[in-house]
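# Fold and geometry: a report
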Amino acid sequence: MDVISVLLVALVLALSVLWMVCSFLMRYYWVPSALRAVMEKQGIRGSPNPPNPIFDVFDGKPDMKEISHDILPHVLPWAAQNMKFYGNVHLNWWLREPRIVISEPKMIWDLFMKKHKDFVKSHFIKLLSDDIFHKGLFLANGEAWARQRQIVAPRYYIDEVKAMVRAVNNATSQVMAKWEAFVKDSGDVERELDVQVEFMCLNVDVVARTTLGLEDNDFQNILKYNITLLKLQNDQETWSWLPFARLIPFGINVERWKVRKQLNDLVRKQVRERRKKMTEGNNIDFIGKLLDNPDVREDVIVAELKTLYATGFISLAPLLSFTMLMLALYPSWQEKARQEVDQVLDGEVVSPKDVTKLITIEMILQETLRLYPTMPLIPRVCIKDSMLGDVFIPKGLGVSVNVVALHHDRDLWGDDVNEFNPSRFKNGTATAAKHPMAFMPFAYGVRTCIGRAFSEVQCKVIIAIILQRFEVKLSPNYRHHPVITGPLIPKNGMPVILKPRQNF
Ligand code: HEM
C-alpha cells in the first residue's frame, strides 16, 4: 500500500471514530442536556444527577416496617422526593433518557387521547423488554402496531372473553385440587402456600388453553424461560444503554440469546402443532383464527403468542397475589365476597352469566389495582414537539405516567386514600374519585390494554373459585415489600394460609 492509501484509510478510520464519539455524545449527553434545559426554562425540574435508576430491586432496601398501603415512598422513592421538592410534574432520568413524570389527569388525557400520535413507545422500554415482547403488539409502533392491533384486539372483545370462562374454570379447578391435596398431605386443617408462583403457572396455563386450545401444555417451561429472561434483563439494566452493549457475545448476552431461542422454538413448535390440527370448524381459538387468516405470517403469530404469555403472567399474577393479601387482611370483605359467591354459584362452577353478578369481587379487584397498580409507570417518548396541558414537550423527551402517584393522590381520592375501601367503586370506576381519569390501571386511549376484559373475567373466576373452596388467612411469614421490577410485584412472594372449607 502506498503512503496516500495508508493516509486515506487512517483518515476514514479517524472520521469513523469521530462520528461514533459525536453520535454517542449527541445521544447520551448533548441532546439530554438540551431537553433538560428546555424543561427547566418552563420551571420543570427534577433530581439533578443522571442516571437515576428507577427499579429498587438491586438496592437491598429493607422490607416495609408494617403493612401499609402508602407505598409511593417505598416503591418510587425518587418520585416521592421529586414531588416533595419540585411538585407533581417533575423531571427524572431513566438510564440516559430524560423524561417528564406526570400524574395530572389533564396531562394524562392529552397524552393518551388528544395527542397520542405525538408519543410512542420509547427506545429504552424496547431495549429492556425486547427479549420477551419482541415484534409483538406491546412494543410495536406506527403502522406495524396498527396492523397488529387490528388482528389481536378483536380476539379479546367481551363476547370472545366470555367464551373463555370454561377454560379458566378448568385450569383453576385443577389448581384447586392440587392445593387441597397439598393441605391434606400435611395432615393439618390448614397450610401455608406461596400463591404468587402458583398464579404465574395458572396464568400461563390459561393463555395456552384459551389461545391454542391446549389442555396439556408446556407452561412450566414457558414460564421458566420468561422468568429467566426477565431476570437477565434486570441484571443488565444498568449498563444496557451503552451502545452495542447487548450485541457483545459475552456473559449475560450469550445466556439471554440462548434462553430467548429456547422460548422462541417452544412457542413456534406450539403454533406448528396447532396448525397440524387445523380442521374446518375447529379453529375457534385465538391461534386457530390467526392461522385461518392467510394474511398473518407465522412469525407474527409467534410474537403475539409470546406477548400474551408474558403479559398474562407478568400482570395477572401480581394482581391476584395482592388480592389474596387484601382478602387475608380484611376478613369482613372476604366473608362478604364469599357469601356472594355462594349465593351466585350455589356450589356450581362459574358460568359466563355469573361473572357479571360477582360485584363484590369486582370492587375488591379494582381497589387492589388502585392501591397496587400492576403497571406502575407507563412510559412514552415524544416524536414531535407537542403540548401536554400547558407544558411544552420537545421532540425526544420521555414521558412517564406515574400511576402509583395518581392512584394515591389524596386530592383525587380523599383522606382515606391509603385505606382499602372497595366500596368507593360501588358505582363504577368513573365516579370513584374526583376525576374520571384518576383510575387507570389499564391505561387509556388507542393503546389501552387489550387484555382488560380478559383480566377482569379471569381474575373474577379465579378468586370466586378460591373463595368457594378455601378460607384465606395472613401468614406470619409474609413480609410486606412491594417492588417495581417493570410490573409492581410482592418482592418476598405471597405466602398465605389456606384452609379448605368443610362444607364445600
Ligand atoms: C392486571 C392485568 C393487566 C393490567 C393492569 C394491564 C395493564 C396494561 C397497561 C397499563 C397497558 C398499556 C401499556 C402502555 O401503553 O405502555 C397494557 C397494554 C397491553 N396489554 Fe395489558 N394489562 C393486564 C393484563 C393483560 C393481559 C392478560 C393481556 C393479554 C391478553 C394483556 C395484553 C396487553 C397488550 C397486548 C398490550 C399492548 C396494547 C397496545 O400497545 O396496543 N394485558 N396493559
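As a reminder, the structure under discussion sits directly above these lines.
Here we summarise the structure given alongside this text. (Residues numbered from 1 in each chain as written. Predicted model: local features only at pLDDT ≥ 70, side-chain atom pairs only at ≥ 80, totals over all residues. Heavy atoms only, no water.)

### Observations concerning the packing of aromatic side chains
Considering all chains together, one arrives at nine aromatic pairs under this definition. Relative to Tyr-29, the ring of Phe-24 lies with its centre 6.3 Å away and its plane at 50°, an arrangement referred to as tilted. Taken together, the ring pairs in this structure connect Trp-179, Phe-199 and Phe-470 into an aromatic cluster. Above the face of the Phe-138 ring, Lys-121 is positioned so that its terminal group lies 4.0 Å from the ring centre. Stacked on the ring of Trp-413, the Lys or Arg Arg-370 has its end atom at 5.0 Å from the ring centre. (Phe/Tyr/Trp six-rings, centres within 6.5 Å; stacked < 30°, edge-to-face > 60°. Lys NZ or Arg CZ within 6 Å of the ring centre and 35° of its normal.)

### So, the sheet that holds strand 4 (residues 191-194)
One open sheet accounts for three strands, arranged 4-12-9; its pairing is antiparallel. The strands lining the two open edges of the sheet, one partner per strand, are strand 4 and strand 9 (470-474). This sheet shows a mean twist of 40° between the axes of neighbouring strands, independent of strand direction. As paired elements, strand 9 and strand 12 (residues 495-500) share five bridges and run antiparallel to each other. Among the inter-strand pairings, Val-472 is bridged to a residue of strand 12, identified as Leu-498. Here helix 9 (residues 195-212) sits on the sheet and contacts strand 4 and strand 12; the angle it forms with strand 4, its principal contact strand, is near 55°. (Pairing = 2+ DSSP bridges. Helix = DSSP H or I, 4+ residues; strand = E, 2+ residues; numbered from the N terminus. Axes fitted to C-alpha atoms, helices over the stretch in contact; angles between N-to-C directions. Contact = heavy atoms within 4.5 Å.)

### Structural notes on the sheet that holds strand 3 (residues 119-120)
With respect to topology, five strands assemble into an open sheet ordered 1-2-8-5-3, the strand pairing being mixed. Two strands in the sheet have a free side with no partner beyond their single neighbour: strand 1 (90-94) and strand 3. This element, helix 1 (residues 3-41), spans strand 1 and strand 2 (97-102) of the sheet and lies at about 165° to strand 1.

### Some thoughts on the site of the ligand
Contacts to the ligand come from 24 residues, most closely from Trp-145, Arg-149, Arg-380, Arg-447 and Cys-449. One nitrogen or oxygen atom from the side chain of Arg-149 is found 2.7 Å from an oxygen atom belonging to the ligand. Note that an oxygen atom of the ligand is positioned 2.6 Å from one of the side-chain N or O atoms of Arg-380. Of all elements in the fold, only helix 6 (142-152), helix 13 (298-329), strand 5 (377-382) and helix 19 (452-469) reach the threshold of two or more residues within the shell around the ligand. Sorting elements by how many residues they give to the shell around the ligand places helix 13 first, with five residues. A breakdown of the residues in the shell around the ligand according to their chemical character gives 15 nonpolar, five polar and four charged. (Near = heavy atom within 4 Å. Polar contact = N/O pair within 3.5 Å; in protein donor to acceptor, adjacent residues only side chain to side chain. Nonpolar A, V, L, I, M, F, W, Y, C, P; charged D, E, K, R; others polar.)

### As for the pattern of salt bridges
According to the stated counting rule, one finds 25 salt bridges in the structure shown. Across the salt bridge formed by Asp-110 and Lys-106, the nearest N and O atoms sit 3.2 Å from each other. Here Asp-110 pairs with Lys-106, and both are found in helix 4 (residues 105-114), just four residues apart, close to one helical turn. Taking relative accessible area as the criterion, Asp-110 reaches 2% and is therefore assigned buried. (Salt bridge = Lys/Arg side-chain N within 4 Å of Asp/Glu carboxyl O. Buried < 20%, exposed > 50% of the residue type's maximum accessible area, 1.4 Å probe, protein only.)

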